[in-house]
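Residue-level structural notes
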Amino acid sequence: MKVLVIGGGAREHALCRSLSLDPDVTALHCAPGNAGIAEVAELHAVDALDGAAVAELAASLRADLVVVGPEAPLVAGVADAVRERGIPAFGPSAQAAQLEGSKAFAKDVMAAAGVPTARAYVCTTPAEIDEALDAFGAPYVVKDDGLAAGKGVVVTSDLAVAREHALACERVVIEEFLDGPEVSLFAITDGETVLPLSPAQDFKRALDGDEGPNTGGMGAYSPLPWADPKLVDEVMETVLRPTVDELRRRGTPFSGLLYAGLAITSRGVRVIEFNARFGDPETQVVLARLKTPLASVLLNASTGNLAAEPPLRWSDGAAVTVVIASHNYPGTPRTGDVIEGLPEAAESEKDAQKAYVLHAGTALDADGRVVSAGGRVLSVTATGADLATARGRAYELVSRIRLDGSHHRTDIAAKAASA
């Protein structure tokens, strides 16, 4: 099978790594990719948002499957353009991707499907914003209706901060605060059959102790030893299947990766948000534990044959990923800094295959050195018999990498590992 992956972050590196280990994959390509992905796939300088160019590349490569990683190309209709050329694409249509592209659309789908979620108001005027903020009170949850790379949500007890963020959005969703721990649950679907993956938890805030500004995610772990063993079954019945059924009923079937961001509240499971693609950094830990070869699962989802796929197999152990971010992230990050220690990290990877570096925002400079090229630069990922072991391996590898001005959280999975 020839596979083309679209995107250039750590999620795509994780996907490419898993696909490169799949014996069914005979050729692996990525556009545009990054410095790390270049080690496992052939890179192509194609704009990920240009559906026609992506489809042309897939056709020229005679790709058997195209996997669209990021949300923006999905919302832009890249998967549609590929399918129009007769090539299977893993990823929802532009219409179905509105489940992530518009918070208001997602709320409408959940209401119709009876999916439990936070009460919310969709606001477009200052008067509506003030009324909604007053109705819910603190802590305020304010979400940009459109795509914002994981940083469009503000949760604050400061009314002025909440109002400022709301006024900066063209359309905004203001909703009640949901208490309790958060869980990310991915499911692969062909529009009818739904295949859940293993739950994970990510860390959105920039600093230890869940302090600092919201980010795209600073780390993750899987599995969740504290979660109810029946959680996945419950979410399948109350969230995932009803949502897939509702979208199919509307004539916009969802095929690809449906990501439910959940809060385990005192009143039960509630949906915080939906995403229409693999989450970053949760993908890094979920795929690290997946034993089933990935390519056939994604192809069967893309061709309507997911019902034929046997149950997924998982390792008994745990996985932890720690994000190393650029200076000033999640503000305007500094880029172009040389990343040192990667050869040593690669040597440690050869020794154990239990800890490795996935590239997010990296590039090669004129001298062939790997440099930072984005806010989140690396996802250092490790596996182990338990969370404590995986966590120790991840942080040991983090300590070998040097990037001037960088920062990372030191408490990823700490609470769960010590429980």
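Everything that follows concerns the structure shown earlier in this document.
In this report, the structure presented in the accompanying data block is examined. From a predicted model like this one, the values you see are computed outputs, not experimental measurements.

**Thoughts on the sheet that holds strand β17 (residues 268–275)**
- Read across the open sheet, the four strands follow the order β11-β10-β16-β17; overall the sheet is antiparallel. Because the sheet does not close on itself, it has two edges, and the strands there are β11 (194–196) and β17. Along the sheet, successive strands turn relative to each other by an average axial angle of 35°, direction set aside.
- With three bridges joining them, strand β10 (residues 182–189) and β11 adopt antiparallel strand pairing. Bridging across to β11, Thr189 finds its partner in Val194.

**Here's the deal with the sheet that holds strand β12 (residues 201–202)**
- The five strands lie next to each other as β12-β15-β18-β23-β20, forming an open sheet whose pairing is antiparallel. Each of the sheet's edge strands pairs with one partner strand only, and the pair in question is β12 and β20 (355–359).
- Sheet topology places β12 next to strand β15 (residues 219–222); two bridges connect them, and they run antiparallel. Bridged to Asp202 within β15 is Ala220.
- Its contacts with the sheet place helix α1 (residues 10–20) against β20 and β23 (376–384), and it is angled at close to 125° to β20.

**A few points about the packing of helix α6 (residues 103–113) against helix α9 (residues 231–249)**
- Closest axis-to-axis distance for the α6/α9 pair is 9 Å, and the angle between their directions is 105°. What the angle tells us is that α6 and α9 run roughly perpendicular. The segment α6 lies against α9, with Phe105, Val109, Ala112 and Ala113 engaging Pro242, Thr243, Glu246 and Leu247.
- Within the contact of α6 with α9, the residues separate by chemical class into six nonpolar, one polar and one charged.

**Comments concerning the nonpolar core**
- In this structure, Leu4, Val66, Leu240 and Val320 are the most contacted members of the largest nonpolar core, which totals 76 residues.
- A total of eight residues in this core trace back to one element, the largest contributor, which is α9.
- When sequence neighbours within four positions are dropped, the list of residues in contact with Val66 reads Leu4, Ile6, Ala58, Val82, Ile87, Pro88, Ala89 and Phe90.
- One finds Met1, Phe186, Leu287 and Leu306 within the second-largest nonpolar core, a separate group that totals 38 residues.

**Things to note about empty space enclosed by the protein**
- Within the structure shown, the criterion is met by one cavity of 30 Å³ or more.
- Each pocket or cavity is described by its volume, and for the largest cavity that value is around 50 Å³.
- Taken together, Lys103, Ala106, Lys107, Met110, Lys143, Val173, Glu175, Ile272, Glu273 and Phe274 make up the full set of residues lining the largest cavity.
- Among the elements that make up the lining of the largest cavity, the one with the highest residue count is α6 (four residues).

**Quick word on unusual backbone geometry**
- A cis amide bond links Ala31 to the next residue, Pro32, at an omega of -5°.
- The omega angle of the peptide bond from Ala138 to Pro139 is -10°, so this bond is cis rather than trans.
- With a phi angle near 55°, Asp210 is a residue other than glycine that sits in the positive phi range.

**Regarding the pattern of salt bridges**
- Tallying each qualifying case throughout the model produces 25 salt bridges.
- A salt bridge links Asp130 to Arg163, with the nearest nitrogen and oxygen atoms 2.6 Å apart. Of this pair, Asp130 sits in helix α7 (residues 126–136) while Arg163 sits in helix α8 (residues 159–167); the two residues are 33 residues apart in sequence, bridging distant segments of the chain.
- Given the relative accessible area of 32%, Asp130 is considered partly exposed.
- Judged by its relative accessible area of 30%, Arg163 is partly exposed.

**Observations regarding the pairing of strand β9 (residues 172–175)**
- The side-chain alternation of β9 yields two buried faces, one formed by Val172 and Ile174 and the other by Val173 and Glu175.
- Sheet topology places strand β6 (residues 120–123) next to β9; four bridges connect them, and they run antiparallel. Its bridge partner lying in β9, Tyr121 is registered against Ile174.
- Pairing between strand β7 (residues 140–144) and β9: four bridges, direction antiparallel. If you follow Lys143 over to β9, its bridge partner there is Val173.

**Here's the deal with the packing of aromatic side chains**
- This structure, assessed with the given rule, holds five aromatic pairs.
- Seen in terms of ring centroids, Phe186 and Tyr259 are 5.0 Å apart; in terms of plane orientation they differ by 40°. Their pairing is tilted. Of this pair, Phe186 sits in strand β10 while Tyr259 sits in strand β16 (residues 256–265), and the two are 73 residues apart along the sequence.
- Above the face of the Tyr356 ring, Arg17 is positioned so that its terminal group lies 3.5 Å from the ring centre.

**What about α6?**
- Every buried residue of α6 is listed here: Lys103, Ala104, Ala106, Lys107, Val109 and Met110.
- On its buried side, α6 packs onto α5 (98–101), β6, β7, β9, α9 and β17.
- Note on α6: the residue one or two positions beyond its end, Gly114, has a positive phi of about 70°.

**Let's talk about the packing of α7 against α8**
- Relative to each other, α7 and α8 sit at 145°, their axes nearing to 10 Å. When the axes of α7 and α8 are compared, the crossing they make is right-handed. For the pair α7 and α8, the contacting residues are Pro126, Ile129, Asp130 and Leu133 in the first and Leu159, Ala162, Arg163, Ala166 and Leu167 in the second.
- Split into classes, the residues belonging to the contact of α7 with α8 amount to seven nonpolar, no polar and two charged.

Thresholds, definitions, all that
- Residues numbered from 1 in each chain as written.
- Predicted model: local features only at pLDDT ≥ 70, side-chain atom pairs only at ≥ 80, totals over all residues.
- Heavy atoms only, no water.
- Pairing = 2+ DSSP bridges.
- Helix = DSSP H or I, 4+ residues; strand = E, 2+ residues; numbered from the N terminus.
- Axes fitted to C-alpha atoms, helices over the stretch in contact; angles between N-to-C directions.
- Contact = heavy atoms within 4.5 Å.
- Parallel < 35°, antiparallel > 145°, perpendicular 65-115°, else oblique.
- Nonpolar A, V, L, I, M, F, W, Y, C, P; charged D, E, K, R; others polar.
- Core = buried A, V, L, I, M, F, W, Y, C linked by side-chain atoms within 4.5 Å.
- Buried < 20%, exposed > 50% of the residue type's maximum accessible area, 1.4 Å probe, protein only.
- 1 Å grid on protein atoms, 1.4 Å probe; cavity = no way out; pocket = protein on both sides within 12 Å on 5 of 7 lines; lining within 4 Å.
- Points joined across faces, edges and corners; volume = space filled by probe spheres on them.
- Salt bridge = Lys/Arg side-chain N within 4 Å of Asp/Glu carboxyl O.
- Phe/Tyr/Trp six-rings, centres within 6.5 Å; stacked < 30°, edge-to-face > 60°.
- Lys NZ or Arg CZ within 6 Å of the ring centre and 35° of its normal.
- Left-handed = near helix turned anticlockwise from the far one by under 90°.

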